[in-house]
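Structure assessment
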Amino acid sequence: MKKPALLIIASLFVMAGFAQLTFLNVREASESTAVKIPKKVQAVIDKSCFGCHSENGKSDKVKEALRWDKLNEYDKTKLVSAFDEIIEVIEKKEMPPEKYLANNPDSKPTDEEYKILLDWAEKEADKLIK
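The following refers to the structure shown. Predicted model, so just to flag it, every value in this text is computed and none were measured.

Relative to the elements of secondary structure, Tyr74 occurs in the loop between helix 3 (60–65) and helix 4 (76–92). For Tyr74, a relative accessible area of 10% translates into the label buried. The spacing of Tyr74 and Val35 is 39 residues in sequence and 9.7 Å in space, taken between C-alpha atoms. Among the polar contacts made by the side chain of Tyr74, one reaches the main-chain amide nitrogen of Arg67 at a distance of 3.0 Å.

Below, the structure written as structure tokens:
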């Protein structure tokens with residue numbers, strides 16, 4: 001009767017050890033993909049992006065495409081994809097959309113602000129790919 005009890009206890013310790021390793025690996029992965037947003041970049045995001053691409057955005061489709069307030073919750077694959085999309089949209093100057101700018105003209109980024117955001121997005125994407 002003592003052997004089965006010892007086997008169960010030993011199994012529990014082994015399972016607990018694996019659970020702890022899994023937790024540490026998840027934590028390390030999320031720390032390694034943590035996105036740091038410099039103040040200059042955050043200012044552009046706040047001015048031109050955050051109103052729609054956050055919890056307060058009105059369109060579920062837009063929020064599904066990108067949530068700036070959830071960026072650090074994305075896994076590495078989704079982050080790389082998000083940065084690729086951000087880069088493409090900035091290069092084409094598709095955001096903010098003209099319809100939005102008609103009612104919010106102060107939200108339009110300057111060429112310098114587009115460059116700040118583009119440089120940062122490219123740098124972050126490169127870090128993730130390496």
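Attention shifts here to the layout of surface pockets. Taken as a whole, the largest pocket holds about 640 Å³ of empty space. Residue lining of the largest pocket: 29 residues in total, with Cys52, His53, Val62, Met95 and Pro97 positioned closest to the centre. Sorting the residues of the lining of the largest pocket by element identifies helix 2 (39–48), helix 3, helix 4, helix 5 (98–103) and helix 6 (111–129) as the ones contributing at least two each. Here the lining of the largest pocket gets five residues from one element, more than from any other, and that element is helix 4. The residue inventory of the lining of the largest pocket, partitioned by class, reads 18 nonpolar, eight polar and three charged.

Helix length check: helix 4 (17 residues) gives 24 Å between terminal C-alpha atoms against 24 Å at 1.5 Å per residue, within 8%. Every buried residue of helix 4 is accounted for by Leu79, Val80, Ala82, Phe83, Ile86, Ile87, Val89 and Ile90. The secondary structure elements touched by the buried residues of helix 4 are helix 6. Directly after helix 4, the chain includes Lys93, whose backbone phi takes a positive value near 50 degrees.

Geometrically, the link from Met95 to Pro96 is a cis peptide bond, its omega value of -15 degrees lying close to zero. The phi angle at Lys93 is positive, at roughly 50 degrees, despite the residue not being glycine. With respect to the helices, strands and loops of the structure, Lys93 is situated in the loop between helix 4 and helix 5. Taking relative accessible area as the criterion, Lys93 reaches 39% and is therefore assigned partly exposed.

The next subject is the packing of aromatic side chains. Going through the model one piece at a time under the given rule, you end up with two aromatic pairs. With a centroid separation of 6.1 Å and 35 degrees between ring planes, the pair formed by Trp68 and Trp120 is classed as tilted. One end of the pair, Trp68, is in the loop between helix 3 and helix 4; the other, Trp120, is in helix 6, and 52 residues separate them in sequence. The exposure classification of Trp68 matches that of Trp120, with both residues buried. Both rings, one in Phe83 and one in Trp120, keep their centres 5.3 Å apart while their planes meet at 75 degrees; by these two values the pair is edge-to-face. A residue pair is termed long-range when its members are at least 10 positions apart, and Phe83 in helix 4 and Trp120 in helix 6 qualify at 37 residues. A relative accessible area of 0% means that Phe83 is categorised as buried. The buried category is assigned to Trp120, whose relative accessible area is 5%. Grouped by ring-pair contacts, the aromatic residues Trp68, Phe83 and Trp120 constitute a single cluster.

Each value, and the rule that gives it
- Residues numbered from 1 in each chain as written.
- Predicted model: local features only at pLDDT ≥ 70, side-chain atom pairs only at ≥ 80, totals over all residues.
- Heavy atoms only, no water.
- Helix = DSSP H or I, 4+ residues; strand = E, 2+ residues; numbered from the N terminus.
- Buried < 20%, exposed > 50% of the residue type's maximum accessible area, 1.4 Å probe, protein only.
- Polar contact = N/O pair within 3.5 Å; in protein donor to acceptor, adjacent residues only side chain to side chain.
- 1 Å grid on protein atoms, 1.4 Å probe; cavity = no way out; pocket = protein on both sides within 12 Å on 5 of 7 lines; lining within 4 Å.
- Points joined across faces, edges and corners; volume = space filled by probe spheres on them.
- Nonpolar A, V, L, I, M, F, W, Y, C, P; charged D, E, K, R; others polar.
- Expected span 1.5 Å × (residues − 1).
- Contact = heavy atoms within 4.5 Å.
- Phe/Tyr/Trp six-rings, centres within 6.5 Å; stacked < 30°, edge-to-face > 60°.

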